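Working through the structure, step by step
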Amino acid sequence: MDRERTGALDSKHRARKKITAMLVLVIALTAGNIIVGIQVQEQAKPAVYNISLETPFKEAAGGDVVIGAAVHTWGLKTDTQYRAILETHFNSITPENEMKMGLLRPNQTGFYWDNADYLVNYAESQNMTVHGHTLVWHSQVPGWLDEFSADPANDREAWRAMLKHHIQTVVGRYAGRVHAWDVVNEVVEMGFGGENGYRKTVWYEKIGVDYIKDAFIWAHEADPSAKLYVNDYGICSDLNKLDFTLKLVSQLQGQGVPIHGIGFQGHVSLYGPPVDVIRQAVAMVNSYDVDVWVTELDISVGGKTNIYSTFLANRQATRYAEVVEAFSRAERLVGISTWGVYDGSSWLHRPEQGVFQWPLLFDEAYAPKPCAASFATALSTHVAR
Ligand code: XIL
């Protein structure tokens, strides 16, 4: 991977290497006043880098902490560069979509296993572990759930039976082969520090809050060896949400419910949350009886420019390092997974729609970015034990 690349999108952008200054007429409306000014705007220069990664991430991390990536089947089947990155640097995969209910359950009675099976078989062939994602979520649910919901014959018990069947069929199929499961995903509201911070999802509405507890019990019955996670976003920025989540976990553990870990999704940006807040979040988790997995790490650069500039590349490198350092403070950190393999496969980076985030460690041309080097260094400095 010792290739020189630019971070630019295409040859059109590559041609714009020179810094050009533009005079821009700025018109701003401030509290009813019109302010007209002239501002000198510097057109950003695309980052040019030539990064050589001496040590694969999975080795830099020292072996105790797993380094994963979210993957999709078509990338593995069709893209040799995608596979090469994955197989060099990562020792865990998370199916990005293939194990979600909507994709596993095209109809109510049947299951579509082909892609999920492919991923589990692939992981085994590469000595990678599989982080199962996700058993209970309100998003990416199948269309037939609406019909199920509309049928008045389906009371709470029918919903419980349907969910139990789903969880136990999926977990049971991969028992002993999927090391960890995001059992529930995004079940707590943002900004909530009060009594009832549960997210009012279809599962909450139809079953009541016990669906969370039952989901863990059912998953554990189907595979007692699997590590079971509560996974959520915003819990390294919204400490009230984290507090609610931790208390929920601890309360359920007190009732003997098998919950083993907290998954911090970790979709963060260049600018937030501040690293001190992530450190505070980690300090909070350290006083609970849970493993920690950074399950969906990516660092968006802002989306406002179509040039991946030297500034952005450097800032992203610093940011990856500080985020990893903050999470390394988790006494029971067991995994860090990026949400995708390279910028070209990121859910957040959609150049065709005018959205530019470049959130991952490898660029659209599969070359390691400066943040890949800082990520590797942070792993060896802070994560390897
Ligand atoms: C995203 C996938 O990356 C996309 O391909 C899909 O279209 C939508 O879901 N939190 C989660 C993940 O837990 O499952 C989401 O994945 C990203 C946010």
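Summary of the structure given here.

Reading the values: the criteria
- Residues numbered from 1 in each chain as written.
- Predicted model: local features only at pLDDT ≥ 70, side-chain atom pairs only at ≥ 80, totals over all residues.
- Heavy atoms only, no water.
- Helix = DSSP H or I, 4+ residues; strand = E, 2+ residues; numbered from the N terminus.
- Buried < 20%, exposed > 50% of the residue type's maximum accessible area, 1.4 Å probe, protein only.
- Contact = heavy atoms within 4.5 Å.
- Areas by Shrake-Rupley, 256 points an atom, 1.4 Å probe, with all protein chains shown as cover.
- Lys, Arg positive; Asp, Glu negative; His and termini not counted.
- Salt bridge = Lys/Arg side-chain N within 4 Å of Asp/Glu carboxyl O.
- Pairing = 2+ DSSP bridges.
- Near = heavy atom within 4 Å.
- Polar contact = N/O pair within 3.5 Å; in protein donor to acceptor, adjacent residues only side chain to side chain.
- Axes fitted to C-alpha atoms, helices over the stretch in contact; angles between N-to-C directions.
- Parallel < 35°, antiparallel > 145°, perpendicular 65-115°, else oblique.
- Left-handed = near helix turned anticlockwise from the far one by under 90°.
- Nonpolar A, V, L, I, M, F, W, Y, C, P; charged D, E, K, R; others polar.

Turning next to the overall build of the protein chain. A tally of regular secondary structure across the protein chain gives 14 helices and 13 strands. Counting over 385 residues, the protein chain shows a buried share of 51%. By sequence separation, contacts in the protein chain at least 24 residues apart represent 78% of the contacts at least 6 residues apart. Surface summary for the protein chain: the accessible area is close to 16,200 Å², and the carbon and sulfur share equals 50%.

A word on the side chain of arginine 105. Positionally, arginine 105 belongs in the loop between helix 5 (101-104) and helix 6 (114-125). For the buried arginine 105, which has no salt bridge, the nearest side chain bearing the opposite charge is glutamate 147, at an N-O separation of 12 Å. Sequence-distant contacts of arginine 105, that is, excluding residues within four places in its chain, are made with Gly110, Phe111, Pro142, Trp144, His165 and His166.

Under the criterion given, the structure shown has 15 salt bridges. Residues arginine 160 and glutamate 157 are paired through a salt bridge, measuring 3.2 Å at the closest nitrogen-oxygen approach. Note that arginine 160 and glutamate 157 are positioned in helix 8 (residues 156-173) at a spacing of three residues, about one turn of the helix. For glutamate 325, the salt bridge identified is with arginine 329, shortest N-O distance 2.9 Å. For glutamate 325, a relative accessible area of 14% corresponds to the buried category. Among the residues examined, arginine 329 registers a relative accessible area of 43% and is labelled partly exposed. The network of salt bridges with common partners includes Arg156, Glu157, Arg160 and Asp214.

What follows concerns the pairing of strand 5 (residues 66-71). The side chains of a regular strand alternate, residue by residue, between the two faces of the sheet. For strand 5, the buried fraction is high: six of the six residues fall into the buried class. Across the two faces of strand 5 the burial is the same, with Val66, Gly68 and Ala70 and Ile67, Ala69 and Val71 all buried. Both strand 5 and strand 13 (residues 333-338) contribute to a ladder of four bridges, which runs parallel. When the bridges of strand 13 are listed, glycine 68 appears paired with serine 337.

Attention now moves to the site of the ligand. Near the ligand, the surroundings consist of 13 residues, among which Glu96, Lys100, His133, Glu296 and Trp339 are the closest. One nitrogen or oxygen atom from the side chain of glutamate 296 is found 2.8 Å from an oxygen atom belonging to the ligand. Computed on the free molecule, the ligand has an accessible area of 410 Å², of which 79% lies beneath the protein chains in the complex.

Following both chains from N to C, one finds helix 13 (residues 310-328) and helix 14 (residues 370-383) inclined at 20°, their axes separated by 8 Å at the closest point. What the angle tells us is that helix 13 and helix 14 run roughly parallel. Judged by the twist between their axes, the crossing of helix 13 over helix 14 is right-handed. Side by side, helix 13 and helix 14 meet where Ala313, Gln316, Ala317, Tyr320, Ala321, Val324, Glu325 and Ser328 of the first sit next to Pro370, Cys371, Ser374, Phe375, Ala378, Leu379, His382 and Val383 of the second. When its residues are assigned to classes, the contact of helix 13 with helix 14 shows eleven nonpolar, four polar and one charged.

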